[in-house]
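These are the residues of each chain, in order.
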Amino acid sequence: MSPLIPSLPDDVTLDIVARVPRSHYPTLSLVSKNFRKLIASPKLYKRRSQLGITQHRVYALLRNRDTGHCRFYVLHRRGLSNRLVMVSSLPPVSYRGSFVSVGSKTYVFNDADALSVDCASHTVEPLPDMPQRMAKYPMPSKVSNVIDGKVYLIGDSFCHIEYEDGGSMNGWRKTVMVLDTESQKWEEPVMIKHDLRVGATWSDSVVMDGKVYMKGYSNRNSVVYEPEARKWEAMDEVLNSKNWEGACVVDDVLYYLDCSEKALRAYDPKQSSWSVVKGLDEFLASECAQSKWPNAVKCGAEKLALFFPKTHEGKEVICCAEIALERRQGGGEIWGKLECCDVVIEDGLFDMVECVSVTV
């Protein structure tokens, strides 16, 4: 094989390319077949990680209303503005699936299978089969969250229950499965809790302070799961008092767009209190006046991306605002600074299913 750059050893070229911003890789891949292979090679991203120059990239899963297909799109800067660009090499997935990111990978849990999507090389690998109990009793409704590199897949499963008195019955029960993303193996045993069912009534779930918070459409169905102690508890009344949906966590603080009040709200679990992010009143009043079903995702240190649909020039579009966050007044106030706001999808045929942030 000929060298990537004739006058340089390939390992030197690798180090040079590893230092180039990730956004330039699509252009570099057009230089030659060898460069295209390098850009898709895991060793390039391993070297970037070793050099400590990884970047956050945001992926959105959009459902086409006409075809029903759910495809991956990447937030890509073109010129002075952002756009969502479909990743054609990645296959369609079920919009009913659950999605979560760990490092440079996104894990997809569909109705019948589970996939690992490498967002550096845009390749897909199947995950090991779920534990036998779940293969027999799948979860039609589920959420996934990550704590310390482990994916906690939580949902309802229809299973056969045997009681100590010898009786038995079939019914829906809460199930927790754990995937170790380092070993790529499911941990045993599967945990089933028989006296709790919330399932499809969840509106959102996040991780804060090592716990999984699951918000229900009905407040009585909002629960918290602590993996270390394998303990369930009711959600704090203050956190449960708001109908947060499409939320994200940045520096252990939960953020969501309150469409009814046109406010970006923040919940600090250490203070057990809600506040409104300051400095965004004019933007939210003008840009989000007609928005609904927003989605927020962390996109860097002290920064989030906010996706929201709106009507623009008579067309239904999807917008993305990048907001930098800053604590002031000794940490008592959170201020937001709008860095940009772009129309990222101009065709009104799409619905946002989920958005995730990866590190590549």
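Before any of the text, the structure's been laid out above.
What comes next concerns the included structure. (Residues numbered from 1 in each chain as written. Predicted model: local features only at pLDDT ≥ 70, side-chain atom pairs only at ≥ 80, totals over all residues. Heavy atoms only, no water.)

**Considerations on the packing of aromatic side chains**
Aromatic ring pairs are described here by two measures, namely the spacing of the ring centres and the angle between the planes.
Reasoning step 1: If you walk through the whole model with that rule in mind, you get 6 aromatic pairs.
Reasoning step 2: The interplanar angle of 75° and the centroid separation of 5.6 Å between the aromatic rings of Tyr-256 and Trp-274 together place this pair among those described as edge-to-face. Of the two residues, Tyr-256 is situated in strand 17 (residues 253–258) and Trp-274 in strand 19 (residues 273–276); the sequence distance between them amounts to 18 residues. Neither residue differs from the other here; Tyr-256 and Trp-274 are each classed as buried. (Phe/Tyr/Trp six-rings, centres within 6.5 Å; stacked < 30°, edge-to-face > 60°. Helix = DSSP H or I, 4+ residues; strand = E, 2+ residues; numbered from the N terminus. Buried < 20%, exposed > 50% of the residue type's maximum accessible area, 1.4 Å probe, protein only.)

**Regarding the sheet that holds strand 16 (residues 248–250)**
Reasoning step 1: Spatially, the 4 strands line up as an open sheet ordered 16-17-18-19, and their pairing is antiparallel. Two strands in the sheet have a free side with no partner beyond their single neighbour: strand 16 and strand 19. Going from strand to strand, the sheet's axes swing by 35° on average, the running direction of each strand aside.
Reasoning step 2: In terms of strand pairing, strand 17 meets strand 18 (residues 263–268) through 5 bridges, oriented antiparallel. Residue pairing for strand 18: Tyr-256 is matched across the bridge by Arg-265. (Pairing = 2+ DSSP bridges. Axes fitted to C-alpha atoms, helices over the stretch in contact; angles between N-to-C directions.)

**Remarks on the sheet that holds strand 20 (residues 295–300)**
Reasoning step 1: The antiparallel open sheet is built from 4 strands, whose spatial order is 20-21-22-23. Looking along the sheet, the strands with just one partner apiece sit at the ends: strand 20 and strand 23 (333–345). Mean inter-strand twist for the sheet, computed between neighbouring axes without regard to direction, equals 30°.
Reasoning step 2: The sheet contact formed by strand 21 (residues 303–312) and strand 22 (residues 315–328) spans 10 bridges and is antiparallel. Bridge assignment links Ala-305 to a residue of strand 22, and that residue is Glu-322.

These figures capture arrangement, not role.
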